[in-house]
4 protein chains.
Amino acid sequence: MPNQNSERMAFASDYMEGCHPAILQRLTETNLEKSAGYGTDAYSEAAREKIRAACEAPEAEVFFLAGGTQTNATVIDAMLRSYQGVIAAVSGHVAVHEAGAIEFGGHKVLTLEQTDGKISAEDIRACIDGYRLDDNHEHMVMPGMVYLSQPTEYGTLYSLRELEAISTVCREAGVSLYVDGARLAYALACPENDVSLPDLARLCDAFYIGGTKCGALFGEAVVFPKRGTVPHFFTIVKQHGALLAKGRIAGIQFETLFTDGLYDRIGERAIITAARIRAALQEKGYRLTIPSPTNQIFITMTNAEAEQLGEKVEMSFMEQMDADHAMMRICTSWATSDQDVDRLISCL
Amino acid sequence: MPNQNSERMAFASDYMEGCHPAILQRLTETNLEKSAGYGTDAYSEAAREKIRAACEAPEAEVFFLAGGTQTNATVIDAMLRSYQGVIAAVSGHVAVHEAGAIEFGGHKVLTLEQTDGKISAEDIRACIDGYRLDDNHEHMVMPGMVYLSQPTEYGTLYSLRELEAISTVCREAGVSLYVDGARLAYALACPENDVSLPDLARLCDAFYIGGTKCGALFGEAVVFPKRGTVPHFFTIVKQHGALLAKGRIAGIQFETLFTDGLYDRIGERAIITAARIRAALQEKGYRLTIPSPTNQIFITMTNAEAEQLGEKVEMSFMEQMDADHAMMRICTSWATSDQDVDRLISCL
Amino acid sequence: MPNQNSERMAFASDYMEGCHPAILQRLTETNLEKSAGYGTDAYSEAAREKIRAACEAPEAEVFFLAGGTQTNATVIDAMLRSYQGVIAAVSGHVAVHEAGAIEFGGHKVLTLEQTDGKISAEDIRACIDGYRLDDNHEHMVMPGMVYLSQPTEYGTLYSLRELEAISTVCREAGVSLYVDGARLAYALACPENDVSLPDLARLCDAFYIGGTKCGALFGEAVVFPKRGTVPHFFTIVKQHGALLAKGRIAGIQFETLFTDGLYDRIGERAIITAARIRAALQEKGYRLTIPSPTNQIFITMTNAEAEQLGEKVEMSFMEQMDADHAMMRICTSWATSDQDVDRLISCL
Amino acid sequence: MPNQNSERMAFASDYMEGCHPAILQRLTETNLEKSAGYGTDAYSEAAREKIRAACEAPEAEVFFLAGGTQTNATVIDAMLRSYQGVIAAVSGHVAVHEAGAIEFGGHKVLTLEQTDGKISAEDIRACIDGYRLDDNHEHMVMPGMVYLSQPTEYGTLYSLRELEAISTVCREAGVSLYVDGARLAYALACPENDVSLPDLARLCDAFYIGGTKCGALFGEAVVFPKRGTVPHFFTIVKQHGALLAKGRIAGIQFETLFTDGLYDRIGERAIITAARIRAALQEKGYRLTIPSPTNQIFITMTNAEAEQLGEKVEMSFMEQMDADHAMMRICTSWATSDQDVDRLISCL
């Protein structure tokens, strides 16, 4: 079967291929072995051990779920009490693009204004204080968690200093901090990034290491750095329909991703290719909408430009900015080759 | 990494391996092609078309989800109104082993007594009539759906006549009929079975064709035979955290399963090997607890027998029947070889 | 406006009148006073103090809600974790007649067989042990609470010994014990009863003292004997739509009910009149279906008897027992006069 | 028992008293009559008939619930499909002060910026169009209803022209329109108001006529102008814990409110007294924060002014506007006497 988009270069998202070949090879090697289900197999345990090591969090509990929305909905519901909500950027994935999965679990998303996809420690503190000082706060949704994405939905990064400030606010307020790492490989590989996996493990109550958008067939690895953070999380995962029967399929993928630096290399390829494209765009006079240093490039184009380039390059349409301009997105991934970039640049 | 259960023969479940090799081969062949996400790719469409053909339901809507509990929770929540519940056997998967996923969606499971895992048209009718005739029925949960498993959790089969009777009761009462086909391949391949995919499409409002337990890495194919049964099901799937970003991974698997009769062959292998084991058990004087003709064999053993055989053969412990006896389960699958069976029989 | 049931004597339920006249008088006396809302007024506090005294539970937290289903749904959801269910008799109000309110909150009702509306400590223990010993219990709903009704839906009573045994099982298992006292006045006033309010406070984690069926316009008083049992219960009540703006209306009612023994007298009247009716029924050869000593009398009648008596006396139809017999219910209340009873007996 | 706020004049809210004396009188007159429960009594039916007449909506279905949050949560959950959310002002009661009751039912509140508590037809249309035109709308929460308050939380009014424009947008888009009339009496009695009950019945899919804040002990009357709008609403009310056992208590109250123009008179008293206070405030140089013509008066005071006046007058603190200024609220009600107003004015 031919690729249905063969005529156009595919830069619309970072999950257009199957998976990194090393993963398929490992799935093939192990395919006929027999193992117990639900993540109790040896591969899943090996993956957990490697993730603990990478996070320098030997006590961490690690669970593998299938996708991002599922992971967010399950972790947030597990960590909040029924009367609590989750603070997020108005542009946060949980606030916009999860079809109400958080509300399906009974929780309000308490949105804060964003700058380049990020929210600040100051605004978080003001939100929590505002709740506490409100005479009617017992009639209101209590902030129980802060949700961040690293990188954000706009490809930007929280600096270590920003993340530490947010973590401090959260800990002082007794509010959990949770980081959505759907594209975490692309943050970790970014020269501008100074937040490491051990930093996340030190500063967050929970985070997930993305697989689906970072080279796996599917799968996200939830990390609770502190043992016992969520009692009975296994059952909560099951109740949310998120428990994989053949848990080893996720385990093998994450074991592979965390062997011999594969997760790092996946991120690096996307970052190097994105940097080349970004430089070319700027050279050709395109206007970058958002200063994102990771694998997502946001470009403000005239409608005509978007249409013309769109004939040759499959991009994502983000939003109509005004009558004449649109924000478009180009994504690179682990699978983006130098030749792909050459061809793209030749069209600009 | 060695199989952690290498010393014992593995007959505990039908999802102990990765997947049928043909699926891995196909995933490998197509791996680097680029495609759109969320099931809008050509492979998913091809799989849908093949499933429609196999079901003789050209108008059917088909969706691919990751696992069984997720599928049940999403379909049941999508098809019920908020004040409705789902009728199921007390032994039904939704009633026992989904950690309250149906209740998480707000719905009560209305349980009926079972015989060999099955419920009858008469009992369903009595349940619905009992509700309707109750003076207080407006204070009660309205039956809105009937949930069956084919084969059942005890490996038994609804006959075509039984299914037709249940379907008639449901249609007369305006109650949906939904069949959980987690192990459907093993029903379809069973000589005792007279319910075909077209029969399911004709008699049910929704059903799913199991992948996870029938040779796929993961995945279940939900079939709504009648177009428009559930408006906006795509969004409901997303809201339930059940939407696969790389939908094509499920699509490729189901396309492979429904090409050249693979799904049939997967079922047949399990049925042939189960029949051999069953015959040997009976010859050796073991007592089969339940007359199941499919790939699950339930055996009443003394505790000593269970322990002794358990040293060589990994089985599932089902329940302690009395102080001295346990119900054990042996499962075959697409991956069970004749040699596996020979070895098992030699231990009986 | 005439009473629409004026021709027939009204014995169908215990909430057919407005409220005990002392309550209306007190509401009238205080009507134009101004007070703060949401139960922060002095009347509500006085009522709480009197209930604490009656329960000999000086630390108890007391909240006033509007009705029984609302109270059950709110308390159960507040006390269970998301993955837990509530154990109840199959005949329990939460299991049958709350239209799925418990499931709306995401929780399964785990039903046990009943005898005269009651469940036993042994069966509760077996249920909890069965869960714990099940190899698959992590895939199942965890019992997190036991729900009892005192008196039960069939008018029967748990003895102190039975309640102590159940409480012991619950505490050993770390499972909450909650008692629905919708008709508690009628238990407390019953000579056969040996469970006092202080006993309930000592043995339960939560219970409610019924107002709606015991002489109030509406209202139930939730008692948490141990302070801090449910943090933020006020907000949970609000989230469930169960917070009364004019909380004082409930407060004034309960203060009145717990002043000068009114709640006791309300119960006594119903018990005395029920006893007279019960004796007359037995004398006339009627068969009492259930040995209930409280204000609900269940009678097995032939269809013809039910119809004939029904022409003069409004009863509740409970269920069709077989083709020829029905179970009917006669209820007395605080408002049942001796003359009412005389007239009823004259019709038997 | 003395009023605990006797030293200060009570202007903090419009639900500080019991109820209009005519209601208590009627409850007393009918108290010992016997009637069926759950709103099936003759008083409830009479109240429904009077409301239908007042709304000129002879086919309307009318239900009585206990309070505002409960009513909003029940109606919104009943009218939305699971994947839909409700559009509301950021200042809407459902968005801020219901402790997440809408999210508890699984629905997102889609907030729009407000002006004086109101949202515009244009912004509603833009929100709906924005959803529909978004490439990712299947991953987003679908707008399924518009929620307005009349009067708003800031005491302002939608004009008939504004309401008609909103209704037109809703009907063109297939989105329900629901109006929260917690303080509807104070809108209807306001000279500036041109939206009548028949207008609401003509333009909305559902609305409620407030009792709790408009002279009743408790209670809100939900009106579905078009019969069959929500099938099985009775059961949905029960499932939400919102069904009153003694439904007649609400029925008698609403029958009284809609007899001899009582509901109008209740509103008028509040409006006349508010107008006097508002005029006096302006004369004395106070700055009204919001141009509200109904019974809520919002005043921007210096902190010192607020403290000083607060010693004599109990007001509501709304929010701290800047370091030096606070927004305070004074409320009148049906119970506000001319003497109360005289005393208040003398303190300004």
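Residues numbered from 1 in each chain as written. Chains lettered and ligands numbered in written order. Predicted model: local features only at pLDDT ≥ 70, side-chain atom pairs only at ≥ 80, totals over all residues.

Participant: Any details on the overall build of chain A? Residues and values, ideally.
Facilitator: Looking only at helices and strands, chain A has 14 helices and 13 strands in total. Taken over the C-alpha trace, chain A has a radius of gyration of 20 Å; the compact-globule value for 348 residues is 20 Å, and the two agree within 12%. With the C-alpha coordinates aligned to their principal axes, the bounding extent of chain A is approximately 60 × 55 × 35 Å. The burial tally for chain A puts 61% of its 348 residues in the buried class. Relative to all contacts within chain A whose residues are 6 or more apart in sequence, the contacts with residues 24 or more apart total 74%. (Helix = DSSP H or I, 4+ residues; strand = E, 2+ residues; numbered from the N terminus. Rg over C-alpha atoms; globule rule 2.2 N^0.38 Å. Buried ≥ 20, exposed ≤ 12 C-beta atoms within 10 Å, placed from the backbone. Contact = placed C-beta atoms within 7 Å.)

Participant: Tell me about the confidence of the model for chain A, and name the residues and values.
Facilitator: All names here are of chain A. Confidence in the prediction of chain A, expressed as mean pLDDT, is 96, and 98% of residues score 70 or more. Counted against residues more than four places away or in other chains, residues 1–5, with its pLDDT under 50, gives 10 contacts. Both confidence scores are given for the complex: pTM 0.97, ipTM 0.96. (pLDDT = per-residue confidence, 0-100.)

Participant: Describe the sheet that holds strand β2 (residues 61–65) of chain A, listing the residues and the values that go with them.
Facilitator: Residues and elements named next belong to chain A. Taken in spatial order, the 7 strands line up as β2-β8-β7-β6-β5-β3-β4 in an open sheet, and their pairing is mixed. Two strands close off the open sheet at either side, each with one partner strand: β2 and β4 (109–112). With direction set aside, neighbouring strand axes in the sheet form an average angle of 25°. Where strand β7 (residues 206–210) meets strand β8 (residues 220–224), 4 bridges bridge the pair, whose relative direction is antiparallel. Bridged to Phe 207 within β8 is Val 223. Strand contacts of helix α7 (residues 160–173): β5 (142–149) and β6 (176–181), with the helix running at about 145° to β6, the strand carrying the most contacts. (Pairing = 2+ DSSP bridges. Axes fitted to C-alpha atoms, helices over the stretch in contact; angles between N-to-C directions.)

Participant: Can you break down the relation of the copies chain A and chain D residue by residue, with the values?
Facilitator: Each copy superposes on the other: chain A lies on chain D with an RMSD of 0.0 Å after a rotation of 180° and an axial shift of 0.0 Å. Those values place the two copies in the arrangement expected of a two-fold rotation axis. (Least-squares fit on C-alpha atoms with pLDDT ≥ 70 in both.)

Participant: Can you tell me about helix α1 (residues 21–30) of chain C, naming the residues and giving the values?
Facilitator: In an α-helix there are 3.6 residues to a turn, and that puts residues three or four apart on one side. For α1 of chain C, the full list of buried residues reads Ile 23, Leu 27 and Thr 30 of chain C. Along the axis of α1 of chain C, the buried positions cluster into a sector of 75°, meaning they face one direction only. Turned more than 90 degrees off the buried face of α1 of chain C, the exposed positions are Gln 25 and Glu 29 of chain C. Residues of α1 of chain C that are buried in the fold lie against α2 (42–54) and α11 (247–257) of chain C together with α1 (21–29) of chain D. (Arc of directions from axis to C-beta.)

Participant: Give me the sheet that holds strand β6 (residues 176–181) of chain B: which residues, what numbers.
Facilitator: Residue and element names in this part refer to chain B. Judged by pairing direction, the sheet is mixed, and its 7 strands sit side by side in the order β2-β8-β7-β6-β5-β3-β4 without closing on themselves. Both edges of this open sheet fall to β2 (61–65) and β4 (109–112), since each of them pairs with a single strand only. The average undirected angle you get between the axes of adjacent strands in this sheet is 25°. Pairing between β6 and strand β7 (residues 206–210): 4 bridges, direction parallel. Following the sheet pairing, Val 179 is matched in β7 by Phe 207.

Participant: Mind laying out the environment of Trp 334 of chain B, listing which residues take part and the relevant values?
Facilitator: Residue and element names in this part refer to chain B. Locating Trp 334 in the fold gives a position in the loop between β13 (325–331) and α14 (338–347). Sequence spacing of Trp 334 and Lys 246 is 88 residues, and the spatial spacing of their C-alpha atoms is 26 Å. Residues contacting Trp 334, with those up to four places away along its chain left out, are His 20, Cys 214, Gly 215, Ile 266, Arg 269 and Ala 270.

Participant: Explain the interface of chain A and chain D to me, and be specific about the residues and the numbers.
Facilitator: Listed per partner, the contact involves 17 residues of chain A and 17 residues of chain D. A class-by-class count of the residues in the side of chain A that touches chain D yields 7 nonpolar, 7 polar and 3 charged. (Nonpolar A, V, L, I, M, F, W, Y, C, P; charged D, E, K, R; others polar.)

Participant: Let's hear about the interface of chain C and chain D: which residues, and what values?
Facilitator: Each side of the interface is counted separately: chain C has 50 residues, and chain D has 51 residues. Of all the elements in the fold, those that place two or more residues in the side of chain C that touches chain D are α1, α2, α3 (68–79), α5 (101–104) and α10 (233–239) of chain C. The dominant element in the side of chain C that touches chain D, judged by the number of residues it contributes, is α1 of chain C, at 5 residues. Taken together, the residues of the side of chain C that touches chain D break down into 24 nonpolar, 20 polar and 6 charged.

Participant: Give a detailed account of the domain arrangement of chain A, specifying residues and quantitative values.
Facilitator: All names here are of chain A. Each domain of chain A was delimited in the assignment, giving domain 1 (9–17 + 262–347) and domain 2 (21–257). Relative placement of domain 1 and domain 2: their C-alpha centres are 26 Å apart. Opposite the 19 residues of domain 1 that make contact, domain 2 presents 21 residues. Those elements giving two or more residues to the side of domain 1 that touches domain 2 turn out to be α12 (262–283) and β10 (296–302). At 8 residues, α12 tops the list of elements feeding residues into the side of domain 1 that touches domain 2. Grouping the amino acids of the side of domain 1 that touches domain 2 by side-chain chemistry returns 11 nonpolar, 5 polar and 3 charged. (Domains from an automatic or database assignment.)

Participant: Can you tell me about the nonpolar core, naming the residues and giving the values?
Facilitator: If you look at the biggest cluster of nonpolar residues, it comprises 481 residues, and the most contacted ones within it are Val 223 of chain A, Val 223 of chain B, Val 223 of chain C together with Val 223 of chain D. Dropping the residues within four chain positions of it, Val 223 of chain A is found in contact with Ile 51, Cys 55, Ala 60, Val 62, Ala 201, Ala 206, Phe 207, Tyr 208 and Ile 209 of chain A. (Core = buried A, V, L, I, M, F, W, Y, C linked by C-beta atoms within 7 Å.)

Participant: Any details on the pairing of β2 of chain B? Residues and values, ideally.
Facilitator: Residues and elements named next belong to chain B. In terms of burial, β2 is largely enclosed, as 4 of its 5 residues are buried. One ladder, built from 5 bridges, connects β2 with strand β8 (residues 220–224); its direction is antiparallel. Of the residues in β8, the one forming a bridge with Phe 64 is Ala 221.

Participant: Run through the pairing of strand β10 (residues 296–302) of chain B, naming residues and quoting values.
Facilitator: Residue and element names in this part refer to chain B. Most of β10 is tucked away: 5 of the 7 residues are buried. Alignment of β10 against β13, held across 7 bridges, turns out to be antiparallel. When the bridges of β13 are listed, Thr 300 appears paired with Met 327.

Participant: Describe in detail the packing of helix α12 (residues 262–283) of chain D against helix α14 (residues 338–347) of chain D, supporting the description with residues and values.
Facilitator: Residues and elements named next belong to chain D. Axis separation between α12 and α14 bottoms out at 10 Å; the angle between their running directions is 10°. One way to sum up the angle between α12 and α14 is to call them roughly parallel. At the point where α12 passes α14, the crossing takes the right-handed sense. Between α12 and α14, the contacting residues are Thr 273, Arg 276, Ile 277 and Ala 280 on the first element and Val 341, Leu 344 and Ile 345 on the second. Here the residues of the contact of α12 with α14 sort into 5 nonpolar, 1 polar and 1 charged. (Parallel < 35°, antiparallel > 145°, perpendicular 65-115°, else oblique. Left-handed = near helix turned anticlockwise from the far one by under 90°.)

Participant: Any chance you could break down the relation of the copies chain C and chain D for me, citing the residues and the numbers?
Facilitator: Mapping chain C onto chain D is achieved by rotating through 180° and translating by 0.0 Å along the same axis, at an RMSD of 0.0 Å. Same-surface contact between copies: 100% of interface residues of chain C are shared with the interface of chain D.

Participant: Before we move on, could you go through unusual backbone geometry and cite the residues and values that matter?
Facilitator: One can expect most non-glycine residues to show negative phi and most peptide bonds to be in trans. All names here are of chain A. Here the residue pair Gln 150 and Pro 151 is connected by a cis peptide bond, since its omega of -5° sits within 30 degrees of zero. Considering the arrangement of structural elements, one finds Pro 151 in the loop between β5 and α7. With a phi angle near 50°, Asp 116 is a residue other than glycine that sits in the positive phi range. Of note, Asp 116 is situated in the loop between β4 and α6 (121–133).

Participant: How would you sum up the packing of α1 of chain C against α11 of chain C? Please name residues and give values.
Facilitator: Residues and elements named next belong to chain C. The contact between α1 and α11 brings their axes to 9 Å, and the two run at 130°. One way to sum up the angle between α1 and α11 is to call them oblique. Here the hand of the crossing between α1 and α11 comes out right-handed. Along its contact with α1, which presents Ala 22, Ile 23, Arg 26, Leu 27 and Thr 30, the element α11 presents Ile 252, Gln 253 and Thr 256. Its residues placed into classes, the contact of α1 with α11 shows 4 nonpolar, 3 polar and 1 charged.

Participant: Tell me about the environment of Ala 250 of chain D, and name the residues and values.
Facilitator: Residue and element names in this part refer to chain D. Along the chain, Ala 250 falls in helix α11 (residues 247–257). You can call Ala 250 buried: it has 27 C-beta atoms within 10 Å. C-alpha of Ala 250 to C-alpha of Gln 282: the two residues are 32 residues apart in sequence and 39 Å apart in space. When sequence neighbours within four positions are dropped, the list of residues in contact with Ala 250 reads Phe 64, Gly 219 and Leu 244.

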